[in-house]
Amino acid sequence: MRRTILAAGASGKRSGYSSRMSGAAPSAATVAPARALRGRLRVPGDKSISHRYAILAALADGVSTVAGYADGADCRATVRCLRALGVTVHAAPETGRAGAAGRTLTIHGLGLGALTPPSGELDAGNSGTTMRLLAGVAAGHAFRTVITGDGSLRRRPMRRVIEPLERMGATLDADDGRPPLAIRGGRLTGIEYAPPVASAQVKTAVLLAGLHAAGTTRVVEALPTRDHTERALAGFGAAVRQDAEGIAVTGGARLRPVDLAVPGDPSSAAFFAAAAAALPGSEVVIESVGLNPTRTAYLDVLRRAGAEVETRMTGNAGGEPIGTLCVRHHRRRPVAIAPAEVPGLIDELPVLGAVAALGGGIDVRGAAELRHKESDRIARFADGLRRFGARVEERPDGFSVDGSGRLAGGRVDAAGDHRLAMAFAVAALGAEGPSVIAGADSVDVSYPGFFAALDALRGD
């Protein structure tokens, strides 16, 4: 039976979506058009930073606390795997404004190379970040670790992380380069590695292995990727050096325990910022959000597309800048995304494309990596927007969206991909009629409570 959901903090206002199940996220969400979005909110803790803080705390000598740890399924998978490797982790709930739930973790670090053999396979769920980062950690331990995941994750390619870890001295077995990954770690030697495709996850896996290796491990990047790992390594006291081309760690340096707070996730904030940019009369303010410059390229794209975007720095936590973001609708202009921009926009490209379908249009090139995420995001995104009534051209390495028409609304399938589910919800806000998003429960991977937070901002 279909029921209407009232968003927390919405003062009894009738919701703009409904679901077919109870719980944090609906299995299928019906999203009604909105005239505008207006209000303030906080988003959950940064997923990328949460993974890194938890793993480095597990490798530190002593007890660390991580406040604002993201409570989505991906970050819970990392904690689950760390516990299976012998790490004691206590989690206490905390709730920020507008439903941005998180956790405060107390992590009893075991020290470098001191994790214990798991009794079974490590289950990374749907989290490619968990699998790749823990592969780097497991490579430094002299026992066999098998990391698996759900059906989607077992289809994702892992050769990019297998190759450098094998060069360092670990042994990795996989079925045609796909999970499960069986890792036999041990004595590693530092290397210099230039990833053939820009990837913060591969960079991080190599550097985590490098903490356990003899000598120096250096990663050279042709295109810069998000730098949360570099900042976190320095915060935990690693022997890390950085220059214009890359980052190096010296193996064997002990990590110190720290107390850290995770800033709000800019990739989660992007959905609300983009929706505000798309809908006339909208103004959304996002508080305590991460403003790391390697994560805010989407704001520059929104400015190019005609939105008014303001940021104000309010603090710094663990080397990560934090502040307030305000986005207002102003006008809509077409934008083009060049290949050199893609590494800094890889998570936000679907929602930028969704907004472009509501006006202005977009052309994206050099983004073939999107085909190897939780789904083939190019194919699934193009199919979904077409079902809404948009004109979309799909290419091997990208897509273009004609923003000159109107979206009618319709039924789309998020294919178990949290970022597609949220991007389709943003597009649905500007459609002429209601839209149904199948697989909407996938938002729990990164943003439990997403639909309630979106609903509380409706200016209907």
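The rules behind the values
- Within any chain, residue numbers begin from 1 and follow the written order of that chain's sequence.
- Thresholds applied to this predicted model are a pLDDT of at least 70 for local features of residues and 80 or more for the giving and counting of side-chain atom pairs; totals over whole chains, interfaces and linings are not thresholded and use all residues.
- Note that water and hydrogens are dropped before the side-chain values are worked out from all heavy atoms of the structure.
- Buried means the residue's accessible area, taken with a 1.4 Å probe over protein chains only, is under 20% of the maximum for its type, while exposed means over 50%, and partly exposed covers the values in between.
- Note on conventions: DSSP H or I runs of at least 4 residues are helices, E runs of at least 2 residues are strands, and numbering of each starts at the N terminus.
- Picture the helix axis, draw a direction to every C-beta atom, and the arc is the one those directions span.
- Note on definitions: a residue-residue contact is assigned when non-hydrogen atoms from the two residues lie within 4.5 Å.
- N or O atoms within 3.5 Å of each other form a polar contact, as long as, within protein, one can give a hydrogen and the other can take it, and as long as residues adjacent in sequence are counted only when both atoms are side-chain atoms.
- Any two strands with at least two DSSP-identified bridges between them are counted as paired.
- Only the stretch in contact is used when a helix axis is fitted, and all axes are lines through C-alpha atoms; the angle between N-to-C directions ranges over 0 to 180 degrees.
- Throughout this description, the term salt bridge denotes a Lys or Arg side-chain nitrogen within 4 Å of a carboxyl oxygen of Asp or Glu.

*Asks:* How would you sum up helix H8 (residues 297-304)? Please name residues and give values.
*Replies:* Regarding H8, the residues found buried are Tyr298, Leu299, Val301 and Leu302. When H8 is viewed along its axis, its buried side chains cluster within an angular range of 160 degrees and face the same direction. On its buried face, H8 sits against helix H7 (266-278), strand E18 (308-317), strand E19 (320-328), strand E20 (335-337) and helix H9 (349-357). Positive phi shows up at Gly306, right after H8, with a value of about 115 degrees.

*Asks:* For the side chain of Asn292, give the residues involved together with the corresponding values.
*Replies:* Relative to the helices and strands, Asn292 is located in the loop between strand E17 (283-290) and H8. Exposure remark for Asn292: the relative accessible area of 1% places this residue in the buried category. Looking at Asn292, its side chain comes within polar contact range of the side chain of Glu320, at 2.9 Å. Ignoring any residue separated from it by four or fewer positions in sequence, one finds Asn292 in contact with Asp227, His228, Arg231, Glu320 and Pro321.

*Asks:* Give me the lowdown on the sheet that holds E17, citing residues and values where you can.
*Replies:* Across the sheet, which stays open at both edges, the four strands sit in the order E4-E17-E19-E18 with mixed pairing between neighbours. For this open sheet the edge positions go to strand E4 (38-42) and E18, each flanked by a neighbour on one side alone. The mean inter-strand angle of the sheet, taken between neighbouring strand axes irrespective of direction, is 15 degrees. Relative to E19, E18 is paired through nine bridges, and the arrangement is antiparallel. From the neighbouring strand, Gly315 faces E19, where its bridge partner is Ile322. Set on the sheet, H8 makes contact with E18 and E19; between it and E18 the angle comes to about 165 degrees.

*Asks:* I'd like a rundown of the pattern of salt bridges, residues and numbers included.
*Replies:* Following the criterion strictly, the structure yields 32 salt bridges and no others. For Arg377, the salt bridge goes to Asp417, with nearest N and O atoms at 2.8 Å. Of the two residues, Arg377 is situated in helix H10 (residues 377-388) and Asp417 in the loop between strand E24 (411-413) and helix H11 (418-429); the sequence distance between them amounts to 40 residues. On the accessibility criterion, Asp417 (0% relative accessible area) is buried. Counted as one network, the salt bridges with shared partners bring together Glu283, Glu308, Glu310 and Arg328.

*Asks:* Describe the environment of Leu59, with residues and values.
*Replies:* Inspection of the secondary structure puts Leu59 in helix H1 (residues 47-59). Taking C-alpha positions, Leu59 is 7.6 Å from Gly113, a pair spaced 54 residues apart along the chain. Leave out the neighbours within four places in its chain, and Leu59 touches Gly111, Leu112, Leu115, Val137, Leu208, Leu211, His212 and Leu255.

By themselves, these observations are geometric and do not establish any function.
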